[in-house]
2 protein chains.
Amino acid sequence: MVYRVHPSERISHGVDRNRFLRLLSEHVGGDGLLFDPEDLRPYECDGLSAYRELPWIVALPKTIEQVQAVLRLCREHGVPVVARGAGTGLSGGALPVADAVLLSLAGFNGIMAIDRANRTARVQPGVRNLAISEAAARYGLYYAPDPSSQIACTIGGNVAENSGGVHCLKYGLTVHNVLQVRLVTLDGELLTLGGSGYDGPGYDLLALITGSEGLLGVIVEVTVKLLPIPPCTQVLLASFDSVEEAGRAVAAIIGAGLVPAGLEMMDNITIRAVEDFVHAGYPIDAAAIVLCEFDGIGEQVESDLLKAGDVFRTQGATGVRQSTSEAERKRFWAGRKAAFPAAGRISPDYYCMDGTIPRKRLPEVLRRISELSAHYGLVVGNVFHAGDGNLHPLILYDANKSGELERVEELGGKILEACVDAGGTITGEHGVGVEKINQMCVQFGAAELAQFHAVKRAFDPGGLLNPGKAVPTLHRCAEFGAMHVRGGQIAHPELERF
Amino acid sequence: MVYRVHPSERISHGVDRNRFLRLLSEHVGGDGLLFDPEDLRPYECDGLSAYRELPWIVALPKTIEQVQAVLRLCREHGVPVVARGAGTGLSGGALPVADAVLLSLAGFNGIMAIDRANRTARVQPGVRNLAISEAAARYGLYYAPDPSSQIACTIGGNVAENSGGVHCLKYGLTVHNVLQVRLVTLDGELLTLGGSGYDGPGYDLLALITGSEGLLGVIVEVTVKLLPIPPCTQVLLASFDSVEEAGRAVAAIIGAGLVPAGLEMMDNITIRAVEDFVHAGYPIDAAAIVLCEFDGIGEQVESDLLKAGDVFRTQGATGVRQSTSEAERKRFWAGRKAAFPAAGRISPDYYCMDGTIPRKRLPEVLRRISELSAHYGLVVGNVFHAGDGNLHPLILYDANKSGELERVEELGGKILEACVDAGGTITGEHGVGVEKINQMCVQFGAAELAQFHAVKRAFDPGGLLNPGKAVPTLHRCAEFGAMHVRGGQIAHPELERF
């Protein structure tokens, strides 16, 4: 399916492709440029594979100077640019844009330094998330944020999306674990943002860049914080007779002052799909299960497990099991990590949502999702970072049934709007990309969006970096019908062109 | 002393004060405006009392609508605005600017909600830092960041400066503990940035605002994260024969995988001053002491204390004492908290610096400070957040001796430059304000400064918010002689006016 670009987001340039390839080849070199349809095909989508678009040109630079040269040429000729890491993103952030250069950072895959005393790793953006922990393991250190795609996704993409993972409840998102980023602006300037210290002077452009989805610049180096590998880790598996009870138990765990390393929830649809696939040892009759992990020194973990077990039982758990071995602990988690592919086994297609709500509203939002699921006649599985209030409803469908994807998208939109209504947000960790760009009109008012566009112009006045992603134009919102319009007018006349 | 504004930073407006007071009084009301020199005097400086300037007008709004009205009027008439919390800042961020409105948020001092289930507090910006913890105590919760001024400083000022404190090694700076800010822009728009969830869509303007020193907008509401009060807290006091050894011991504690709640260091000059003042029980013959606190459950704390004691002894500590009672623990910390006033007792004046360096370079930087101290003939005491590598050298001097303050400032500048040379930054937690604005030219190159100015223009195109603070103009840097000039030219011709 081709993504429907809003007219206000379209960037037109009359540049001849062969001429531009010649200009690029002066800097990037022959093997660093792809233009044959066959070579472009692998780049036509990211993890949101419902949408596809063939890139105009793929550039694979190998040095910072080459990135600078590509961006300068694009700016000079008004050619849009989409940066891409491993392409595992789930919201279409790396989806190619028509007539745009796709800038792949895959070639930047070197670990430049691991500083044991300061517990940091300086790496190139194309290094895989898990590769950092693997390299740091010899020093007893690891990189904490662990998106489910950590085997494949790159740290540059993690920074661009502000990725989370199972352990971000305790250890924070990417933004809490990144110390410095080197960024090339569209002008070709190389900026060093952040530093080895804890705080720095000047505006916090490091945090601004983190999660900016490739709209402000291209990340060419990342320095991350490393943590000591905890000496002890144990997980509890609690079963419940209803998802509402499980939701209340999650809120009660946090309310009891416990800080689990991971606190995940799964409903019956997902439990059955997973159990059938990886035999994780889950109770297939439970309406919902909660996985609750603690790490630290043995005494702390033991004490936390006892307290958490009591909380679960008080909240009506029908069973509470503790992993009895490291093998069993890994099996419990293997089930969680296989939840998405397991859904793929029971349904031809599935659509993974990503909304965040205040924890205490988990029961009611789960109820609302179940009502919406019934209304649309589409099965929704729930598997998510319950401790963060970060939902991942999986809508099961069949793309070959005409009109079904459209219904899925409508249901998805309604689920996100229910999250916003509950005081939450339309994305927890997957980013907005193209997927949730309309819901941004529900999330934010005109004043906030106008300020976003003003910040964007401070980096990219021509709007060439990843156009049509993450931040909707006010015109898109007016059309979507959800703009908080004041007195019938879009605020900020100077933003009329957006 | 009047602060020397650079000509490129001066905002001139020809507005008549009485006329502007009349315009303001239509919105703020008579008792919310101060203009008599006597009433203005208390606002003439903040914690950096070396610099003073009488405000043009002080406005004390009580509602968000009043803040919006004041900012709209200022924008319309080209009048600069300086926002102020409690005025405890140490870098002159709230220093009045000539012909500018000083906007005091002191009247916004209500705690609006404490949400126990989500562990958050929603407060007005004029609420004192400690008042949040006091109000949350009934639920067993507290707000972690604890600047030394926490009795007096306000949460709005904390956000504006991204304040730290003794416990930020473990619990993070303000930016890690703030979930949402409501901000009024110079246009008078009310923006809601961040949210109750962990991450949100759109650019991370919440982080951008945090630490922006009043240059981007005026904070009118803050929602902070609360933490459970730890059940057990204990502190170790380790003594050393040299500051270098103490510095190495600090790096070794972190290197051993320990995460103290606080890790502070003090040299002999400070130890003696403190001991004479509050009788904290410090060993007055030690060249340096390190205070190392752990919190958590009893077993964890005991285990950490044992490990930390071993590390200190291995690193050459001449003595390691553990607080034997809560009273003794509080006494140990009372000494640390009284270090600044204690310096005030042994010297007519002192100047508190604030630089950050990578921990492993503590010994060499401390040596360099001692060399600089000898060279300038000025006594420097050291008391600081060693665990964060955040130095607070205290330069002792006598402001009545002609030319001494100038020598102090020169020495201070050299100390900050030594921090930057060591891979550090010119501020850890006190902000840049006017104090370190020249050193920003050392810290950043033209490309970074140009990007800062572009971001500033996205919020405040006329440069009316807190002009002359935090981010130097390129002209100032060219004059200061430290701009990283490329090919003899200031980069970015469009920034020539800066």
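Residues numbered from 1 in each chain as written. Chains lettered and ligands numbered in written order. Predicted model: local features only at pLDDT ≥ 70, side-chain atom pairs only at ≥ 80, totals over all residues. Heavy atoms only, no water.

Going by an unreviewed UniProt entry, chain A carries the name Glycolate oxidase subunit GlcD and comes from Methylocaldum marinum. UniProt, in its Cofactor (unreviewed entry) section for chain A, records the words "FAD". (UniProt positions renumbered as here; feature names shortened; annotations may be inferred.)

(A) The arrangement of the overall build of chain A in detail. The number of helices and strands found in chain A is 17 helices and 20 strands. Against the globule reference of 23 Å for 498 residues, chain A gives a C-alpha radius of gyration of 23 Å, in line with a compact fold. Counting only C-alpha atoms and orienting by the principal axes, one finds that chain A spans roughly 65 × 55 × 45 Å. In chain A, buried positions account for 63% of the 498 residues. For chain A, contacts bridging at least 24 residues in sequence account for 72% of all contacts bridging at least 6. (Helix = DSSP H or I, 4+ residues; strand = E, 2+ residues; numbered from the N terminus. Rg over C-alpha atoms; globule rule 2.2 N^0.38 Å. Buried < 20%, exposed > 50% of the residue type's maximum accessible area, 1.4 Å probe, protein only. Contact = heavy atoms within 4.5 Å.)

(B) Spotlight on the packing of helix H9 (residues 268-278) of chain A against helix H12 (residues 339-346) of chain A. Residue and element names in this part refer to chain A. Two numbers describe how H9 lies on H12: the axes approach to 8 Å, and their chain directions differ by 90°. Looking at the two axes, H9 sits roughly perpendicular to H12. Contact residues: H9 offers Ile269, Thr270, Ala273, Val274, Asp276 and Phe277, while H12 offers Ala339, Pro341, Ala342, Arg345 and Ile346. Grouping the constituent residues of the contact of H9 with H12 by class yields 8 nonpolar, 1 polar and 2 charged. (Axes fitted to C-alpha atoms, helices over the stretch in contact; angles between N-to-C directions. Parallel < 35°, antiparallel > 145°, perpendicular 65-115°, else oblique. Nonpolar A, V, L, I, M, F, W, Y, C, P; charged D, E, K, R; others polar.)

(C) The sheet that holds strand S3 (residues 81-84) of chain B, seen in detail. Residue and element names in this part refer to chain B. The strand order S1-S2-S4-S3 describes an open sheet built from 4 strands, whose pairing is mixed. The sheet is open, and its two edges are formed by strand S1 (33-34) and S3, each paired on a single side. Pairing of S1 with strand S2 (residues 57-59) involves 2 bridges; the strand directions are antiparallel. Bridge pairing in S2 links Leu34 to Val58. (Pairing = 2+ DSSP bridges.)

(D) Geometry of the relation of the copies chain B and chain A. If you rotate chain B by 180° and push it 0.0 Å along the axis, it lands on chain A with an RMSD of 0.0 Å. This pairing of chains is accounted for by a two-fold axis. Take the interface residues of chain B: 100% of them recur as interface residues in chain A, which is what a same-surface contact looks like. (Least-squares fit on C-alpha atoms with pLDDT ≥ 70 in both.)

(E) Broad picture of the packing of aromatic side chains. Applying the stated criterion to the full structure yields 14 aromatic pairs over all chains. Centroid distance A:Phe452 to B:Tyr203: 5.7 Å. Interplanar angle 85°. Geometry classified as edge-to-face. Placement of A:Phe452 in helix H16 (residues 446-459) and of B:Tyr203 in the loop between strand S9 (190-194) and helix H7 (205-209) is noted, with the two residues assigned to different chains. With a relative accessible area of 2%, A:Phe452 lands in the buried category. Joined through ring pairs, the aromatic side chains of A:Tyr203, B:Phe444 and B:Phe452 make up one cluster. (Phe/Tyr/Trp six-rings, centres within 6.5 Å; stacked < 30°, edge-to-face > 60°.)

(F) A look at the nonpolar core. In terms of nonpolar packing, the biggest core is built from 196 residues, with A:Phe312 and B:Phe312 touching the most fellow members. Beyond its immediate chain neighbours, meaning those up to four positions away, A:Phe312 contacts A:Leu236, A:Ala238, A:Phe240, A:Ala249, A:Ile253, A:Val290, A:Cys292, A:Ala317 and A:Val320. A:Val15, A:Ile57, A:Leu186 and A:Val218 belong to the second largest nonpolar core, which has 28 residues in total. (Core = buried A, V, L, I, M, F, W, Y, C linked by side-chain atoms within 4.5 Å.)

(G) Main features of the confidence of the model for chain A. Across chain A, pLDDT averages 90, with 96% of residues at or above 70. A low-confidence stretch, residues 483-498 of chain A (pLDDT under 50), is modelled with 38 contacts involving residues beyond four sequence positions or located in other chains. (pLDDT = per-residue confidence, 0-100.)

(H) Expanded view of the interface of chain B and chain A. Taken together, the contacts link 70 residues of chain B with 70 residues of chain A. Of the roughly 5,600 Å² buried between chain B and chain A, counting both surfaces, carbon and sulfur atoms make up 59%. Taken together, the connections running from chain B to chain A amount to 2 salt bridges. B:Asp115 serves as the salt-bridge partner of A:Lys360, at 3.1 Å between the closest nitrogen and oxygen. Our count for the contact surface shared by chain B and chain A stands at 9 residue pairs in polar contact (both at pLDDT 80 or more). Put simply, the parts of the chain that give the side of chain B that touches chain A at least two residues each are helix H6 (168-171), S9, H7, helix H8 (243-255), helix H10 (298-314), helix H15 (440-443) and helix H16 (446-459) of chain B. A class-by-class count of the residues in the side of chain B that touches chain A yields 33 nonpolar, 24 polar and 13 charged. (Buried area = accessible area lost by both parts, 1.4 Å probe. Salt bridge = Lys/Arg side-chain N within 4 Å of Asp/Glu carboxyl O. Polar contact = N/O pair within 3.5 Å; in protein donor to acceptor, adjacent residues only side chain to side chain.)

(I) Main features of the state of the cysteines. Residues and elements named next belong to chain A. Counting across every chain of the model gives 2 disulfides over all chains. Here Cys441 pairs with Cys477 through a disulfide, and the sulfurs are 2.1 Å apart. The sign of the -80° torsion about the S-S bond sets the Cys441-Cys477 disulfide as left-handed. In this pair, Cys441 is assigned in helix H15 (residues 440-443) and Cys477 in helix H17 (residues 474-480), connecting sequence segments 36 residues apart. For the pair Cys441 and Cys477, one class covers both residues: buried. (Disulfide = S-S within 2.5 Å.)

(J) The arrangement of the sheet that holds strand S8 (residues 178-184) of chain A in detail. Residues and elements named next belong to chain A. If you walk across this open sheet you meet the 5 strands as S5-S6-S10-S8-S9, and the pairing is antiparallel. The outermost strands of the open sheet, each flanked by one partner alone, are strand S5 (111-115) and strand S9 (190-194). When strand polarity is set aside, the average angle formed by the axes of neighbouring strands in this sheet is 15°. Pairing of S8 with strand S10 (residues 218-225), which is carried by 6 bridges, proceeds in the antiparallel orientation. Bridge pairing links Leu183 to Ile219 in S10.

(K) Representation of the pairing of strand S13 (residues 262-267) of chain A within the structure. Judged by how many residues are buried, S13(A) sits mostly within the fold: 6 of 6 residues are covered. The side-chain alternation of S13(A) yields two buried faces, one formed by A:Gly262, A:Glu264 and A:Met266 and the other by A:Leu263, A:Met265 and A:Asp267.

(L) Focus on the domain arrangement of chain A. All names here are of chain A. Along its sequence, chain A is carved into domain 1 (7-104), domain 2 (111-228), domain 3 (232-340), domain 4 (347-421) and domain 5 (440-495). Of note, the centres of domain 1 and domain 5, computed from C-alpha atoms alone, are 25 Å apart. Counting residues at the interface gives 16 residues for domain 1 and 11 residues for domain 5. Counting the surface lost from both domain 1 and domain 5, the interface buries some 1,000 Å², and carbon and sulfur atoms represent 58% of this. (Domains from an automatic or database assignment.)

(M) Here's a closer look at a negative patch on the surface. On the surface, A:Glu299, A:Glu302, B:Glu299 and B:Glu302 cluster together into a negatively charged patch. Of note, B:Glu299 is situated in helix H10. A relative accessible area of 42% places B:Glu299 in the partly exposed class. (Patch = residues over 30% accessible without salt bridge, like charges linked within 9 Å, V, L, I, M, F, W, Y side chains within 5 Å. Areas by Shrake-Rupley, 256 points an atom, 1.4 Å probe, with all protein chains shown as cover. Lys, Arg positive; Asp, Glu negative; His and termini not counted. Charge placed at Lys NZ, Arg CZ, Asp CG, Glu CD.)

(N) Quick peek at H9(A). Of all the residues in H9(A), the buried ones are A:Thr270, A:Ile271, A:Ala273, A:Val274 and A:Glu275. Backbone geometry just downstream of H9(A) places A:His279 in the positive-phi region, at approximately 50°.

(O) Focus on the pattern of salt bridges. Residue and element names in this part refer to chain A. The full count for this structure, using the stated rule, is 44 salt bridges over all chains. The residue Asp310 makes a salt bridge to Arg313 at a minimum N-O spacing of 3.6 Å. With Asp310 and Arg313 both in helix H10 (residues 298-314) and 3 residues apart, this pair spans about one turn of that helix. With relative accessibility at 46%, the residue Asp310 sits in the partly exposed group. Under the relative-accessibility criterion, Arg313 is labelled partly exposed at 47%. By sharing partners, the salt bridges in this structure join Arg41, Glu44 and Arg52 into a single network.

(P) Layout of the side chain of A:Glu213. Residues and elements named next belong to chain A. Relative to the helices and strands, Glu213 is located in the loop between helix H7 (205-209) and S10. Buried within the structure, Glu213 lacks any salt-bridge partner; Lys436 is the closest side chain of opposite charge, at an N-O distance of 7.3 Å. Among the polar contacts listed, one links the side chain of Glu213 to the backbone nitrogen of Val432, at a separation of 2.6 Å. Residues contacting Glu213, with those up to four places away along its chain left out, are Ala160, Glu161, Gly431, Val432, Gly433, Asn466 and Ala470.

(Q) Representation of the pairing of strand S20 (residues 393-397) of chain B within the structure. All names here are of chain B. Summarising burial for S20: 5 of the 5 residues are buried, a large majority. Where strand S16 (residues 349-352) lies against S20, 4 bridges are found, and the strand directions are antiparallel. Residue pairing for S20: Cys352 is matched across the bridge by Leu394. Across 3 bridges, strand S18 (residues 380-384) lies against S20 in antiparallel orientation. Counterpart to Asn382 in the pairing with S20 is Pro393.

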